[in-house]
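Architecture at a glance
The lines below spell out each chain.
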Amino acid sequence: MSENQTDHANQPVLEVRDLVTQFSSERGTVNAVRGVSFDLYRGRTLGVVGESGSGKSVLSRSVMGLMPGNATRTGSVRFEGSEVLNASPKVMRSYWGQKMSMVFQDPMTALNPVLRIERQITESLHEHIDMSKAQAKDTALALLTSVGIPEPARRMRQYPHEMSGGMRQRIMIAIALACGPRMLFADEPTTALDVTVQAQILDLLQSMQRDREMSMILVTHDLGVVAGRADDIAVMYAGRIVEKAPAERLFAGMRHPYTQALMRSIPKLEMPSHTRLDAIAGRPPDLVNLPEGCSFAPRCPNAQEKCLVDDPALTADDDHADHVFACHFPVNEVVVAAPGIRVDGQPPRIAHDPSLGGSA
Amino acid sequence: MAGIGKAHLRPEGEALLRVEDLVVEFPAGRGRKVNAVTEVSLDALPGETLGLVGESGCGKSTTGKAIMQLPSPTSGTVVFDGTDLTGLGESQLREVRTRLQMIFQDPISSLNPRRRVEAIVAEGLDIWKRVSGDDKTAKVDDMLLTVGLDPAVVRGRRPHQFSGGQCQRISIARAVITEPQLIVCDEPVSALDVSVQAQILNLLEDMKARYGLTMIFIAHDLAVVKNISDRVAVMYLGRLCEVGDPDVLYARPAHPYTAALLSAIPVPDPTVRPETRHTLGGEIPSPISPPSGCRFRTRCPRADDICRDEVPVMTQIDDDHFVACHHPLAPGESVTEVELAGASA
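Residues numbered from 1 in each chain as written. Chains lettered and ligands numbered in written order. Predicted model: local features only at pLDDT ≥ 70, side-chain atom pairs only at ≥ 80, totals over all residues.

**Some details on the overall build of chain A**
Summing up its helical and strand segments, chain A has 12 helices and 12 strands in all. If you take every contact in chain A between residues at least 6 apart in sequence, the share linking residues at least 24 apart comes to 64%. (Helix = DSSP H or I, 4+ residues; strand = E, 2+ residues; numbered from the N terminus. Contact = placed C-beta atoms within 7 Å.)

Put into structure tokens, the structure is as follows:
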């Protein structure tokens, strides 16, 4: 959470408007991102949650301009006020590394297997900041130390295969941070890691983000990963943001049936053994042949005829402008996170009370 | 942990599967060896689901495969329904394997892409010539229906026409059609999306109830394992740490590793701030040269000399709760911040 509320008055670091990303394929046009808009302010973390095919990874790559040849993008992406959506690769190079950078999911394939770690870190320092060899080496050593790598001088001379998955992901983070970016995309940064190492890497990302006052987009399929670490959470389904809210508010009162169903389908540690799970029937839609109307309607318990023809727009909650959802028949349940926990200054409310109008 | 001993095994005649002193080693070149599984003993009662949980490299999948004799373990016994599988010849093993089935992690690559669903599901029946003709078709259709697929639609299709969740349903149908007694499920839901994972977990519970199956359920996700298991065994670096009833073991973990694992799981609740929880430092050591004594000692906040010198033995601490640790946590006790800070320093 940003403690300095005046940051909000500033211009956002990133403004995304009506971003549409399509890929041409043999089967037809793949609608990977279908009209996504959001703002991200300095020092804030946006968690983007979704299942495979929800467009969450394509979204970050679209913003960064890391697109294959068969992709087309429309809309607007403004970084610190400048439009970057259709910037030339040459212009984008001045952004990558120094203004925005990315930590990828799989550190084994993202690192170059035939280069020593030193070269992989110092490469961007030479390229972007024009450091001397000795300066770059010192900077790289300092970076490795800051990401918690023991014996950094020895590690610098090693190759990626000589390291564990957790170490490699620390190296990836050091590379991403080398040129002091303003904004970091972390695309499933811990999915390939074990749970105890995952906690270490998430802690590291969070402390780096705070120290450097970076903005961060944390992309994950795991609601648990973003719950305690993101300021705001956007839930994606079939290429759209279907619900977005500050983390506390989202968990206190999920309004979109998909968000709620996703939350309910996860087995939780506190559930007794053999608790029957509330599975979501069916599967996510085909992004080549999307259903008419709301794309979640075929799996939605609340779906009515209207949902099958009319695709709902993102609308704000009556009481909270920062809680938006795209649903004709939003759920009204207010989940009390824990007894006695006050959500944004309000006392906890009782679940399933329709008179509450659904807001927390 | 990471200890030895058999205190957690039930009386010999009761268990459908009884694994004793299982050792699996792989050559690692230059005379070295990978100690994948070291002196692990396990059992499963008829109709019981034993959850085997741990991080990558802990030996849980190797244990599952060794039970199936894929390949046979380096040493130890695997007694299934009164027969020691490690002593069987190839043809006898084939015979027994109809009663032992396996479900794999990647549902798409574990199905032959060139074959149609009906042939994939019927293969076990064909090999053993159990039924043929209309009876076989009826049996396959019935099994597809049971796993939630419409036989008329899916029968003639090939695996690439299905999603991961549907392929896992086909894998389950293929495994269950030969009417096995024991199914080893190796990370059956970890390649699936969250919303589909719940469907498959529910399906496995239904299949277990309907066919009276005994299951070894291997996974790295503690919440998933708790959901499906009657008994849980936690592994670390090739040895068992803790065994017990899931509700007891998760509420009162006695092994510092179990406790650390539980506290590392991200909780979907924003009021639980991750930095207030305890995280474990370091990473899993190499199984080529595992630590002496307790294998967890290099990361354990409580480790001392005895942990270096002696392998802890599995000891009973409650009705169905066993731990292999020289310094187990008392009920309600947690690994403190002070201890963790000391360990990482």
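Alright, that's what it looks like, and here's the rest.
**Some words on the confidence of the model for chain B**
Atom-level detail of predicted coordinates should not be read off regions where pLDDT is low. Residue and element names in this part refer to chain B. Per-chain confidence: chain B averages 90 in pLDDT, with 94% of residues scoring 70 or above. Note on residues 341-345: pLDDT is under 50 here. Beyond four places in sequence and across chains, it has five contacts. At the level of chain-chain contacts, confidence expressed as ipTM amounts to 0.84, with global pTM at 0.85. (pLDDT = per-residue confidence, 0-100.)

**Some points on the interface of chain B and chain A**
Taken together, the contact pairs 41 residues of chain B with 45 residues of chain A. Those elements giving two or more residues to the side of chain B that touches chain A turn out to be α7 (194-211), α8 (222-228), α9 (246-251) and α10 (256-264) of chain B. The leading source of residues in the side of chain B that touches chain A is α7(B), at eight residues. Across the side of chain B that touches chain A, the residue classes break down as 21 nonpolar, 11 polar and nine charged. (Nonpolar A, V, L, I, M, F, W, Y, C, P; charged D, E, K, R; others polar.)

**Here's the deal with the packing of helix α7 (residues 165-177) of chain A against helix α8 (residues 195-212) of chain A**
Residues and elements named next belong to chain A. Running from amino to carboxyl end, α7 crosses α8 at an angle of 15°, the nearest separation of the two axes being 10 Å. Considering the angle they form, α7 stands roughly parallel to α8. Pair α7 / α8 crosses with right-handed handedness. On α8, the residues touching Gly-165, Gly-166, Gln-169, Arg-170, Ile-173 and Leu-177 of α7 are Val-197, Gln-200, Ile-201, Leu-204, Leu-205 and Met-208. (Axes fitted to C-alpha atoms, helices over the stretch in contact; angles between N-to-C directions. Parallel < 35°, antiparallel > 145°, perpendicular 65-115°, else oblique. Left-handed = near helix turned anticlockwise from the far one by under 90°.)

**Some thoughts on the pairing of strand β3 (residues 49-53) of chain B**
Residue and element names in this part refer to chain B. When you tally the buried positions in β3, you get five out of five residues, the bulk of the element. Going residue by residue along β3, you find Thr-49, Gly-51 and Val-53 tucked away on one face and Leu-50 and Leu-52 tucked away on the opposite face as well. Both β3 and strand β8 (residues 214-219) contribute to a ladder of five bridges, which runs parallel. The residue bridging Leu-52 from the neighbouring strand is Ile-218, located in β8. Where β3 lies against strand β9 (residues 231-236), four bridges are found, and the strand directions are parallel. Each residue of the ladder has a partner; that of Leu-52, found in β9, is Ala-233. (Buried ≥ 20, exposed ≤ 12 C-beta atoms within 10 Å, placed from the backbone. Pairing = 2+ DSSP bridges.)

**Comments concerning the sheet that holds strand β8 (residues 215-220) of chain A**
All names here are of chain A. Strand order in the open sheet formed by eight strands is β6-β7-β8-β3-β9-β10-β12-β11, with mixed pairing between adjacent strands. Of all the strands in the sheet, just β6 (100-103) and β11 (315-316) have a single pairing partner and so form its edges. Across five bridges, strand β7 (residues 183-187) lies against β8 in parallel orientation. Bridge assignment links Phe-185 to a residue of β8, and that residue is Ile-217.

**So, the nonpolar core**
Counting 191 residues, the largest nonpolar core has A:Ala174, B:Val121, B:Ile216 and B:Phe217 as its most contacted members. Here the element with the most residues in this core is α7(A); it accounts for eight residues. The contact partners of A:Ala174, leaving out residues within four places of it in the chain, are A:Ile121, A:Leu143, A:Leu144 and A:Val147. (Core = buried A, V, L, I, M, F, W, Y, C linked by C-beta atoms within 7 Å.)

**Structural notes on the sheet that holds strand β4 (residues 71-79) of chain A**
Residue and element names in this part refer to chain A. If you walk across this open sheet you meet the four strands as β2-β1-β4-β5, and the pairing is antiparallel. Whereas interior strands pair on both sides, the edge strands pair on one side only; in this sheet they are β2 (28-40) and β5 (82-83). Relative to β5, β4 runs antiparallel, the two sharing two bridges. In the sheet register, Arg-78 faces β5, and the bridge partner there is Glu-83.

**With respect to the pairing of β8(B)**
Walk down a regular strand and you will see the side chains alternate between the two sheet faces. All names here are of chain B. Burial within β8 is extensive, with six of its six residues counted as buried. Alignment of strand β7 (residues 182-186) against β8, held across five bridges, turns out to be parallel. Bridge assignment links Cys-185 to a residue of β8, and that residue is Phe-217. For the handedness criterion, the β-α-β arrangement of β7, α7 and β8 is classed as right-handed. (Right-handed = clockwise from strand over helix to strand, strands pointing away.)

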